[in-house]
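Spelled out from the first residue to the last, the chains are:
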Amino acid sequence: MASLFSTSLTTIFATTSGMAISTSLVAYLVLFVFIGSAFVLANLLIGRLLRPRKPHPEKAEIYECGESTIGSSYIQFDIRFYVIALLFIIFDVEVVFFFPWAILIGKAIFLRNSAYAIDESSSESLKPLQPTLAEMGLSPASQSISLEENSLLEIAEGANLLAWVGALDMLLFVSILLVGFAYLWKRGDLDWIRSYQPGNKSIHELLSQNDSREP
Amino acid sequence: MGQFFNNLLQDINAFLWGLAGYSSQEITTLAEDSWIGYLLAAIIQAALLLHVLAAGTVLFTWAERKVCGRIQDRLGPTRVGGKFGWLQSIADGIKLLCKEDLIPDEADSLLFRIAPYLSISASFAALIVLPFSDGWVAQQLNIGAFFILAIMGLEVFGVILAGYASGSKWSLYGAMREAAQVISYEIPLAMCVVVPVLLVGSMNLGTIANYQAGWFTNWLIFHDPFAFATFWIYFTCGIASVNRAPFDLAEAESELVAGFHTEYSGMRWSLLFMAEYGSMFTVSGLGVLLFLGAWYGPLPIFNSWTSGTESWYLAQMANLVGCLNFVLKSSLLVIVMIWVRWTLPRLRIDQVMTMCLKYCVPLSLIGLSGVLLWQLLAIPSLNDLAPARSDLTEHWAEKSSSPFVKDSQEKVDLFDGRNTQ
C-alpha cells in the first residue's frame with residue numbers, strides 16, 4: 001500500500017515529463033498555503049492558551065467612535081468602483097499579452113545583436129546562437145530550418161525583421177486600446193469626482209463655471 | 001510497513017547526502033526519484049521562507065519605529081533590550097499574543113476568521129519563486145515574474161474579506177478603497193515588469209538576475225534612461241500595491257478609524273500586518289531582481305574569487321554572500337518605503353486614482369515603448385561598457401551546480417523548450 005502510494009507520487013514528480021514542473025508547482029502552492037495556514041493557526045492557538053476571555057456585550061459591538069451604529073453595514077457602495085473594475089479588466093488582459101510578446105522580442109533582438117557580433121570566419125560560428133534558436137523553436141531538431149544553409153547575416157536580418165514586425169503589431173494592438181482609453185479620458189470617466197449630468201462635465205469644469213458666474 | 005520506513009530512511013539519507021554536495025551518480029538518481037526527498041526539501045524551504053514573514057516583520061517593525069522616530073526628531077524605542085530597543089517588536093508580539101480576541105456580534109464570523117489565512121497564504125506563496133541567490137529558490141519557474149505578480153495580487157482578497165466580514169462601515173469603505181486601488185495599480189506595475197522581461201527575453205527571475213552579473217553598470221536600471229525611469233514608476237506602484245503610505249487609504253486612520261482592520265485585535269490583527277510586511281519585502285525583492293542587479297554586488301569581487309576553482313563549497317560561500325547582498329538591497333528598499341511613509345502626507349482617493357490612471361499608466365507605456373525603441377535601434381547602452389557579461393555569468397552559474405540545483409535547472413530548460421516549440 002505504502003509503496004504503491006510512493007510509486008504513484010514518484011511518477012508525478014518524475015522530472016522527464018513536461019507536466020512535471022507544473023504539477024510540482026501546484027504541489028508547492030498547496031504546501032505553502034498549508035504551511036502558511038498552519039502558521040496562522042499555531043499563533044492563534046498559542047494565543048488562545050495565553051489570552052484572557054471576558055465577554056461583555058459592549059465589547060461585541062461595532063466600533064464607531066463610541067456612537068451606536070445606525071443600520072446594517074452591508075450598504076450599497078458607489079458605482080465608481082465598478083468603472084474602476086471594468087477599466088482594470090480591459091488593461092489587465094492587455095498586459096497579459098505583453099509578457100509572451102516581450103519574451104519573443106527580447107530573444108529576437110538578442111539573436112540579431114549576437115549574430116552581428118560573431119566573427120563569421122570561425123568554424124563554430126553558429127554555436128553561441130543555438131540555445132536562443134532552440135528557445136524560439138528554430139533549432140535544427142525541430143526541422144523548421146537547417147542552420148548550415150543559413151548564413152549569419154541572414155539570421156541577423158531575419159531576427160531584425162521579426163523584432164520590427166512584432167513591435168509594429170504590438171503598436172497596432174495597443175493603439176486600438178489607447179483610442180478607447182483616450183475616449184474615456186475625454187469623457188471624464190477617469191475622474192473620481194464627476195457630475196452625473198447628461199453633459200458629463202467634470203466637477204472641476206462645473207466649479208470653474210460657477211466661479212466665473214460669481215460677481 | 002517495514003519496507004516503507006526503510007524507503008523513508010533511504011530517502012532522507014540520500015537527501016542529506018545530496019544537501020552536503022556529495023554527488024555520486026547513485027545518490028543523484030535516488031534523490032531524483034524519491035518524492036520524500038523532494039517533500040523534505042520543500043518543507044525545509046518553506047520553513048526557511050516563513051522567516052521572511054515572521055522574522056522580517058519583527059525587524060521591519062523595529063526599523064519602522066526607529067526611522068519614524070528619527071524623522072520626527074524623537075529617539076523611537078530605547079528601553080526594551082538595551083540602548084536601541086531592538087527587542088521592542090518581540091515585546092509587542094508577546095503583548096499581542098496575550099490580548100483578548102474580539103469578534104463583533106454583527107460580523108460574519110467565519111469570513112472574519114478566514115481573512116488572515118488568505119492574506120498570509122498569498123503573501124507567503126509569492127516567495128515560492130523569489131530567488132535569494134543563484135539557484136537558492138524554492139521553485140525555479142520559467143514564468144517566475146508573471147507568477148509572482150499573480151500571487152501577490154491575491155493578497156487583496158484577504159483585505160477585502162476582512163473589511164466585508166467585519167460588519168463595520170469603516171471596514172467596508174476601507175476594503176472597497178483597497179480593492180479599487182490595488183487592481184488599478186496592478187496595471188502599471190505589470191507594465192514596468194515587462195521592461196526587464198523585454199530586455200532579457202525571459203520571465204525566469206534567475207535568468208534575469210544572471211544577466212546583470214558583473215559590474216553595477218550591468219544592472220538593468222542603468223540600461224537606458226527609460227529603464228531608469230521605469231524602475232521609479234515600478235517602485236511607486238509597488239508602494240501603492242502593498243498599500244503603504246502615502247497610498248494607505250484602506251487604513252486611513254484620520255478618516256476611517258483603522259479601515260479594514262478596525263474590528264481586528266490581538267494576534268489576528270498582527271497576522272494581517274505580517275502579510276503586509278511580507279509583501280513589502282517581496283515587492284522590494286522583485287524590484288531588486290529586475291532592476292538592481294539581484295544578488296550581485298556593485299563590484300564583481302566574488303566572481304574572481306570563485307573563477308578557476310571547481311569547489312562546490314566556495315561557490316556556496318559566494319552564493320551566501322549573494323544572498324546577503326540580495327537581502328541587504330531589498331531591505332534598503334523597504335527602508336525607503338518606510339522613509340516615504342513618514343515623509344509624505346496621505347493622498348485622497350481621487351488623487352490616488354488620478355495618479356494611477358492619468359500618470360502611472362501612460363508613463364509606464366512611454367517607458368516600455370522607449371525601451372523597445374532603444375533595443376530595436378540598437379542604441380548603445382551603459383550595460384555595454386562593462387566587461388563581458390557572459391564570462392562572468394557562466395562562471396557564477398557553473399560553480400553552484402549541486403546535484404539538486406542542476407536538476408532543477410535542467411527541468412526548467414526542458415520546459416522552456418517545450419513551451420516555445
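Please refer to the structure placed before this passage.
Residues numbered from 1 in each chain as written. Chains lettered and ligands numbered in written order. Predicted model: local features only at pLDDT ≥ 70, side-chain atom pairs only at ≥ 80, totals over all residues. Heavy atoms only, no water.

Caption draft 1: Spatial organisation of helix H7 (residues 155-165) of chain B. Residue and element names in this part refer to chain B. Here H7 lies mainly inside the structure; eight of its 11 residues are buried. Buried within H7 we find Glu 155, Val 156, Gly 158, Val 159, Leu 161, Ala 162, Gly 163 and Ala 165. Those residues of H7 hidden inside the fold are in contact with helix H5 (109-125), helix H6 (144-153), helix H8 (169-200) and helix H12 (266-290). Remark: Gly 167 follows H7 within two positions and exhibits a positive phi of approximately 75°. (Buried < 20%, exposed > 50% of the residue type's maximum accessible area, 1.4 Å probe, protein only. Helix = DSSP H or I, 4+ residues; strand = E, 2+ residues; numbered from the N terminus. Contact = heavy atoms within 4.5 Å.)

Caption draft 2: Representation of the packing of aromatic side chains within the structure. Residues and elements named next belong to chain B. Under the defined criterion, the tally for this structure stands at 24 aromatic pairs over all chains. Between Phe 112 and Tyr 264, the aromatic rings sit 4.1 Å apart at their centres with planes inclined by 10°, giving stacked as the arrangement. Separated by 152 residues along the polypeptide, Phe 112 in helix H5 and Tyr 264 in the loop between helix H11 (253-256) and H12 bring together distant segments of the chain. What makes Phe 112 buried here is its relative accessible area of 0%. For Tyr 264, a relative accessible area of 6% translates into the label buried. Taken together, a centroid distance of 6.4 Å and an interplanar angle of 70° make the contact between Phe 228 and Trp 232 edge-to-face. Separated by four residues within a single helix, Phe 228 and Trp 232 lie in helix H10 (residues 225-241), roughly one turn from each other. The class of Phe 228 is partly exposed, set by a relative accessible area of 38%. Given a relative accessible area of 42%, Trp 232 falls into the partly exposed group. A network of ring pairs unites the aromatic residues Phe 228, Phe 231, Trp 232, Tyr 234, Phe 235 and Phe 291 as a single cluster. (Phe/Tyr/Trp six-rings, centres within 6.5 Å; stacked < 30°, edge-to-face > 60°.)

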